[in-house]
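So the chains spell out like this:
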Amino acid sequence: MNEAVDTARPEGFRRVAAALAAAGHAGPRWLDVAARTSQEAADALGVSVGQIAKSVVFRRKQDDSAVLVVAAGDRRVDEKRVAAITGALGRADADFVKARTGFSIGGVSPLAHAEPLTVLIDRSLFRFDAVWAAAGHPNGVFCATPDELVRLAAAPVADVVQESAP
């Protein structure tokens, strides 16, 4: 990414780009349209909704910290399964998400957070050779294999989505 372009991008996008570069990743892509939902991202990228590594943030009740689940866009996160790993959870509003992750809802990246938080990568992403995750802004995304995503996020793999219909 060219430095003149880089300084014109939002801070969250630049932070993710720097973290990806430090990890030896090619870097994020800036979309012409905002992709705040898995469907919008899939449409903009021409991929299936499942290939979108959506970020869902919860508020852990015991310590008021953030828990980030990264799951396939075509799956629904099962809060009970997440809580069995992390402890009791509550809803995270937009202000909480921004304060804890440093990103606004619709652009929460699996890495480069404002403060340390618990991150879980759902096993459902491993159905795909490549997935796309948010890069700190609704217009920012990056591509990675599921294994790369686990490494970049320094997060364990867990089974935390609802069972899919047969």
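Rules and cut-offs
- In this numbering scheme, every chain counts its residues from 1 along its sequence in written order.
- Selection of residues for local features in this predicted model requires a pLDDT of at least 70, selection of side-chain atom pairs for listing and counting requires 80 or more, and totals for whole chains, interfaces and linings are taken over all residues.
- Side-chain calculation: all heavy atoms of the structure are included, whereas hydrogens and water are not.
- Helix numbering and strand numbering both begin at the N terminus, where a helix is a DSSP run of H or I of at least 4 residues and a strand a DSSP run of E of at least 2.
- Only C-alpha atoms enter the radius of gyration, while the globule expectation follows 2.2 Å times N to the 0.38, with N the number of residues.
- pLDDT is a residue-level measure of predictor confidence that goes from 0 to 100.
- Note on contacts: a residue pair is in contact if any heavy atoms of the two residues lie within 4.5 Å.
- Using protein atoms alone on a 1 Å grid, points that fit a 1.4 Å probe yet trap it form a cavity, whereas open point sets bounded by protein on both sides within 12 Å along at least five of seven lines form a pocket; residues with an atom within 4 Å of a point count as lining.
- Grid points are joined across faces, edges and corners, and a volume is the space filled by probe spheres set on the points.
- Nonpolar residues are Ala, Val, Leu, Ile, Met, Phe, Trp, Tyr, Cys and Pro. Charged residues are Asp, Glu, Lys and Arg, and all others, Gly as well, are polar.
- The nonpolar core is taken to be a set of buried Ala, Val, Leu, Ile, Met, Phe, Trp, Tyr and Cys residues, with the residues joined through side-chain atoms within 4.5 Å.
- For the exposure calls, accessible area comes from a 1.4 Å probe over protein chains only, and a residue counts as buried if that area is under 20% of its type's maximum, exposed if over 50%, partly exposed in between.
- A side-chain nitrogen of Lys or Arg and a carboxyl oxygen of Asp or Glu constitute a salt bridge if their distance falls within 4 Å.
- Throughout, the arc means that of the directions going from the helix axis to the C-beta atoms.
- What makes two strands pair is DSSP finding at least two bridges between them.

### As for the overall build of the protein chain
Phase 1 of the analysis: Scanning the protein chain from terminus to terminus reveals 6 helices and 8 strands.
Phase 2 of the analysis: When the helices and strands of the protein chain are placed in sequence order, the string is α-α-β-α-β-β-α-β-α-β-β-β-α-β.
Phase 3 of the analysis: Whereas a compact globule of 166 residues would reach a radius of gyration of roughly 15 Å, the protein chain reaches 15 Å, a difference of no more than 12%.
Phase 4 of the analysis: Across its three principal axes, the protein chain shows a C-alpha extent of roughly 45 × 35 × 25 Å.

### Remarks on the confidence of the model for the protein chain
Phase 1 of the analysis: Chain-level pLDDT for the protein chain is 93 on average; 94% of the residues reach the 70-or-more range.
Phase 2 of the analysis: Within the model, the stretch residues 1–5 combines pLDDT values under 50 with 4 contacts to residues more than four positions away or in other chains.

### Structural notes on the layout of surface pockets
Phase 1 of the analysis: Approximately 570 Å³ is the volume found for the largest pocket.
Phase 2 of the analysis: Around the largest pocket sit 30 residues that line it, and Lys54, Ser55, Val56, Val57 and Ile105 are the ones nearest its centre.
Phase 3 of the analysis: The element contributing the most residues to the lining of the largest pocket is strand S2 (residues 52–60), with 7 residues.
Phase 4 of the analysis: A per-class count over the lining of the largest pocket returns 17 nonpolar, 7 polar and 6 charged.

### Some thoughts on the nonpolar core
Phase 1 of the analysis: Judged by nonpolar contacts, the single largest core of 31 residues is most densely connected at Val57, Val70, Val119, Ile121, Leu125, Phe142 and Leu149.
Phase 2 of the analysis: Breaking this core down by element, the ones donating at least two residues are helix H2 (11–22), S2, strand S3 (66–72), helix H5 (94–101), strand S5 (118–122), strand S6 (131–134), strand S7 (140–144) and helix H6 (146–153).
Phase 3 of the analysis: Discounting chain neighbours no more than four positions away, the residues touching Leu125 are Gly50, Ile52, Ala53, Val70, Ala71, Ala72, Val131, Pro146 and Leu149.
Phase 4 of the analysis: With 11 residues, the next largest nonpolar core counts Phe58, Val67, Val77 and Val161 among its residues.

### Re the environment of Ala18
Phase 1 of the analysis: Position of Ala18 relative to the elements: it lies in helix H2.
Phase 2 of the analysis: By relative accessible area, Ala18 is classed as partly exposed at 45%.
Phase 3 of the analysis: Taking the C-alpha atoms as reference points, Ala18 and His113, separated by 95 residues in sequence, lie 12 Å from one another.

### Here's the deal with the pattern of salt bridges
Phase 1 of the analysis: Inspection of the entire model under this criterion finds 11 salt bridges.
Phase 2 of the analysis: Linking Arg60 and Asp63 is a salt bridge whose minimum nitrogen-to-oxygen distance equals 3.1 Å.
Phase 3 of the analysis: Since its relative accessible area comes to 13%, Arg60 is described here as buried.
Phase 4 of the analysis: In this structure, the salt-bridge partner of Arg100 is Asp64, at a minimum N-O distance of 3.0 Å. Pair noted here: Arg100 is in helix H5 and Asp64 is in the loop between S2 and S3, with a separation of 36 residues, a long-range link.

### Let's talk about the environment of Asp95
Phase 1 of the analysis: Checked against the element boundaries, Asp95 lands in helix H5.
Phase 2 of the analysis: On the accessibility criterion, Asp95 (63% relative accessible area) is exposed.

### Points about H5
Phase 1 of the analysis: Along H5, the residues classified as buried are Phe96, Val97, Arg100 and Thr101. Buried residues of H5 fall within an arc of 100 degrees about the axis and therefore sit on the same side.
Phase 2 of the analysis: Looking at the buried positions of H5, the neighbouring elements they touch are H2, S2 and S3.
Phase 3 of the analysis: Trailing H5 by a residue or two, Gly102 shows a phi angle of about 90 degrees, which is positive.

### Some words on the pairing of S7
Phase 1 of the analysis: Most of S7 sits inside the fold, with 4 of its 5 residues counted as buried.
Phase 2 of the analysis: Looking at chain direction, strand S1 (residues 29–30) and S7 are connected through 2 bridges and run antiparallel. Pairing of Arg29 across the sheet is with Val141, part of S7.
Phase 3 of the analysis: Where S6 meets S7, 4 bridges bridge the pair, whose relative direction is antiparallel. The partner of Ala133 across the bridge, within S7, is Phe142.
Phase 4 of the analysis: In this structure, the hairpin formed by S6 and S7 is closed by a connection of 5 residues, where Gly136 is found at a positive phi of approximately 85 degrees.

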